Amino acid sequence: MRKDKSNIIYKKIKRDILKGELKSGDTIPSERELMKIFNMSRTPIRKALDELERENLITRRIGDGTYVNIPILDQVINKFYSFTEEMKKRKKTPTGKVVNFEEKEDDIYGIYSEKAQVYEIERIKYADGEPLMYSQTIIPKKIVPELTKEILEKKPLYEILREKCNFQVLKAEQKIKPCLVNKIEAEYLNVAEGSLGILIERKLFMEKDIIEYSKGVVRGDRFEFTIKYNMEEEEQ
């Protein structure tokens, strides 16, 4: 969520896909056409398309074009994932570093019907001093009006939410899928660019309101996820 030109293109195309304005199989304009539409050079255009392809939202076919992907099958995991809580269970000390914190107006890829004041937060999460996760988070300002970078440096986000607004997660949607670590993530996670990562994308709801959108990448060489379910409950 950095202030670079590619983010403008990335957000616009992703918003159009998530809102259904661009559907599976639709053609994305060529790089040259996007350069004219956004009045930008080829470099930020390619960077935006790289990120969209990494998230499996589009496919680029050499000599053919760029297309919106058919949605992949979701595997439901019936457990809310918290990095901090998971590290504590493993007797590790979780810590975090805020590398970017800003307040702006956004509609979170069309999740909200209109733009609202939000916090955009980038963090690195550590276990026993080792960087394991890089996350990007958007929170509506109305949820925690006085949130600051300094507060986030001292406490986990969900602890702050519990204290400030009697926070309870009533519903969460998570998508977990493999990805290739990009240049920024590689730098923060101390791994090679292009190495395997695991992308965790999440929306949190309190009643009908979305109170958090987050996208985090964990190191693929240090993580695996196990799905547990009760066969008896599944058959009922």
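What counts, and at which threshold
Residues numbered from 1 in each chain as written. Predicted model: local features only at pLDDT ≥ 70, side-chain atom pairs only at ≥ 80, totals over all residues. Heavy atoms only, no water. Core = buried A, V, L, I, M, F, W, Y, C linked by side-chain atoms within 4.5 Å. Buried < 20%, exposed > 50% of the residue type's maximum accessible area, 1.4 Å probe, protein only. Helix = DSSP H or I, 4+ residues; strand = E, 2+ residues; numbered from the N terminus. Contact = heavy atoms within 4.5 Å. Salt bridge = Lys/Arg side-chain N within 4 Å of Asp/Glu carboxyl O. Pairing = 2+ DSSP bridges. Axes fitted to C-alpha atoms, helices over the stretch in contact; angles between N-to-C directions. pLDDT = per-residue confidence, 0-100. Lys, Arg positive; Asp, Glu negative; His and termini not counted. Expected span 1.5 Å × (residues − 1).

**Notes on the nonpolar core**
Part 1: Ranked by internal contacts, the top residues of the largest apolar core, which has 15 residues, are Ile 13, Ile 17, Ile 28, Leu 49, Leu 52 and Ile 58.
Part 2: Secondary-structure elements contributing two or more residues to this core are α1 (5–18) and α3 (42–54).
Part 3: When near neighbours in sequence (up to four residues on either side) are disregarded, Ile 13 contacts Leu 22, Ile 28, Leu 49 and Leu 52.
Part 4: Grouped together as the second largest cluster of nonpolar side chains are 14 residues, Tyr 119, Ile 121, Leu 147 and Leu 152 included.

**Let's talk about the pattern of salt bridges**
Part 1: Taken as a whole, this structure holds 21 salt bridges when the rule is applied.
Part 2: One salt bridge in this structure joins Arg 42 and Glu 31, with 2.9 Å as the shortest N-O distance. Placement of Arg 42 in helix α3 and of Glu 31 in helix α2 (residues 31–38) is noted, with a sequence separation of 11 residues between them.
Part 3: A relative accessible area of 18% means that Glu 31 is categorised as buried.

**Digging into the sheet that holds strand β2 (residues 58–61)**
Part 1: Overall, antiparallel pairing links the 3 strands, which are arranged β1-β3-β2 in an open sheet. Unpaired on one side and paired on the other, β1 (27–28) and β2 mark the two borders of the sheet.
Part 2: As paired strands, β1 and strand β3 (residues 65–68) are joined by 2 bridges and run antiparallel to one another. Directly across from Ile 28, in β3, lies its bridge partner Thr 66.

**Digging into the sheet that holds strand β8 (residues 196–206)**
Part 1: Pairing in this open sheet of 6 strands is antiparallel, and the strands run β4-β5-β6-β9-β8-β7 from one edge to the other. At either margin of the open sheet sits one strand with a lone partner, and together these are β4 (94–106) and β7 (171–180). When the angles between neighbouring strand axes are averaged without regard to direction, this sheet yields 15 degrees.
Part 2: In terms of strand pairing, β4 meets strand β5 (residues 116–127) through 12 bridges, oriented antiparallel. Following the sheet pairing, Thr 95 is matched in β5 by Tyr 126.

**Topic: the confidence of the model for the protein chain**
Part 1: Across the protein chain, pLDDT averages 83, with 83% of residues at or above 70.
Part 2: Confidence, read as mean pLDDT per element, is least for helix α8 (residues 231–235) in the protein chain (52) and greatest for helix α7 (residues 183–189) (95).

**Observations concerning the side chain of Lys 125**
Part 1: Within the secondary structure layout, Lys 125 lies in strand β5.
Part 2: Buried charge without a partner: Lys 125 forms no salt bridge, and the closest opposite charge is Glu 212, 6.7 Å away.
Part 3: If we skip the residues at most four places from it in the chain, Lys 125 touches Phe 83, Thr 95, Gly 96, Glu 130, Pro 131, Leu 132, Met 133 and Ser 135.

**Thoughts on α1**
Part 1: Given a rise of 1.5 Å per residue, 14 residues ought to cover 20 Å, and the 21 Å separating the end C-alpha atoms of α1 matches this to within 8%.
Part 2: Listing the buried residues of α1 in full gives Ser 6, Asn 7, Ile 9, Tyr 10, Lys 11, Ile 13, Lys 14, Arg 15, Asp 16 and Ile 17.
Part 3: Backbone geometry just downstream of α1 places Gly 20 in the positive-phi region, at approximately 85 degrees.

**So, α3**
Part 1: Relative to the 18 Å expected for 13 residues at 1.5 Å per residue, α3 spans 18 Å between its end C-alpha atoms, a close match to the ideal helical length.
Part 2: Buried within α3 are the following residues: Pro 44, Ile 45, Ala 48, Leu 49, Glu 51, Leu 52 and Arg 54.
Part 3: Of the residues one or two after α3, Asn 56 is the one with positive phi, at around 65 degrees.

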